[in-house]
Amino acid sequence: MLETLVIILLVALDQIVKYFVRTGIPMGGHVDFLPGILGLTHFHNTGAAFSFLAGSGARWFFVVLTVVFVIAAMWVLLKKKLTHPLGRWTLVLIVAGAIGNLIDRALFGYVVDMIETQFMNFPIFNVADIYVTVGGIAFCIYFGFIHDKVKAAEAAKAPENSPENGEAPEEEGK
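Residues numbered from 1 in each chain as written. Predicted model: local features only at pLDDT ≥ 70, side-chain atom pairs only at ≥ 80, totals over all residues. Heavy atoms only, no water.

Peer 1: Give me the environment of Leu93: which residues, what numbers.
Peer 2: Topologically, Leu93 is positioned in helix α3 (residues 85-108). If we skip the residues at most four places from it in the chain, Leu93 touches Leu10, Tyr131, Val132, Val134 and Gly135. (Helix = DSSP H or I, 4+ residues; strand = E, 2+ residues; numbered from the N terminus. Contact = heavy atoms within 4.5 Å.)

Right under this line is the structure:
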């Protein structure tokens, strides 16, 4: 399935960037990437987004929560529960980001963050965080504006008394 391949490629990109940061920039070290705009700063986040619950020992809580989420989301993708491309591809982004950060958290006990905005004060983040954020925003747009229309269109296409709409088909010859 194409979505699974894209998830694998996105996770690989995230892990490659994190590897180069871990091996090329000392902890706390900084490299200008786009001077005045973006820099790379090696940072370890033991919490969730914006270091939420950092240092609280919540590592395995986050691991279990992420594994449960990824299993549920993959089930939705594999069973094609979301038929609209926007719904499916936003879920792909969120799953890829979740897996990318899960790998770090399970292996190291922290998530490697590195992208630092220099034009504004914002927490340091990583490539997987970008996937989750963009996917999450797009998923909210999908459910806020598109999902109900897709369901209504699917219901209108389904023939009356078909197994798809939960009713048993009428027997012929009655």
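Peer 1: Report on the pattern of salt bridges, specifying residues and quantitative values.
Peer 2: In total, this model carries 4 salt bridges according to the counting rule given. Lys18 serves as the salt-bridge partner of Asp14, at 2.9 Å between the closest nitrogen and oxygen. Here Lys18 and Asp14 lie together in helix α1 (residues 2-24), a separation of 4 residues that amounts to about one turn. Here Asp14 and Lys18 have matching classes, each one buried. Residues joined in a network through salt bridges with shared partners are Asp14, Lys18 and Asp104. (Salt bridge = Lys/Arg side-chain N within 4 Å of Asp/Glu carboxyl O. Buried < 20%, exposed > 50% of the residue type's maximum accessible area, 1.4 Å probe, protein only.)

Peer 1: Got a sec to walk through α1? Specific residues and values, please.
Peer 2: Here α1 spans 33 Å end to end across 23 residues, near enough to the 33 Å set by a 1.5 Å rise per residue. Among the residues of α1, Glu3, Ile7, Leu10, Val11, Asp14, Gln15, Lys18 and Val21 are the ones counted as buried. Turning to α1, the residues buried within the fold contact β2 (38-45), α2 (59-78), α3, β3 (111-117) and α4 (127-157). (Expected span 1.5 Å × (residues − 1).)

Peer 1: Break down the pairing of strand β1 (residues 30-34) for me, citing the residues and quoting the values.
Peer 2: Moving residue by residue along a regular strand, the side chains alternate between the two faces of the sheet. Alignment of β1 against β2, held across 4 bridges, turns out to be antiparallel. Bridging across to β2, Leu34 finds its partner in Leu38. The antiparallel pairing of β1 with β2 creates a hairpin that spans 3 residues between the two strands, and Gly36 there sits at a positive phi of about 85°. (Pairing = 2+ DSSP bridges.)

Peer 1: Got a sec to walk through the packing of aromatic side chains? Specific residues and values, please.
Peer 2: For the structure shown, the criterion picks out 7 aromatic pairs. Here Phe108 and Tyr110 contribute two aromatic rings whose centre-to-centre distance is 5.7 Å and whose plane-to-plane angle is 25°, an arrangement assigned as stacked. We classify Phe108 as partly exposed; its relative accessible area is 33%. These aromatic residues form a ring-pair network of at least three members: Phe139, Tyr142 and Phe143. (Phe/Tyr/Trp six-rings, centres within 6.5 Å; stacked < 30°, edge-to-face > 60°.)

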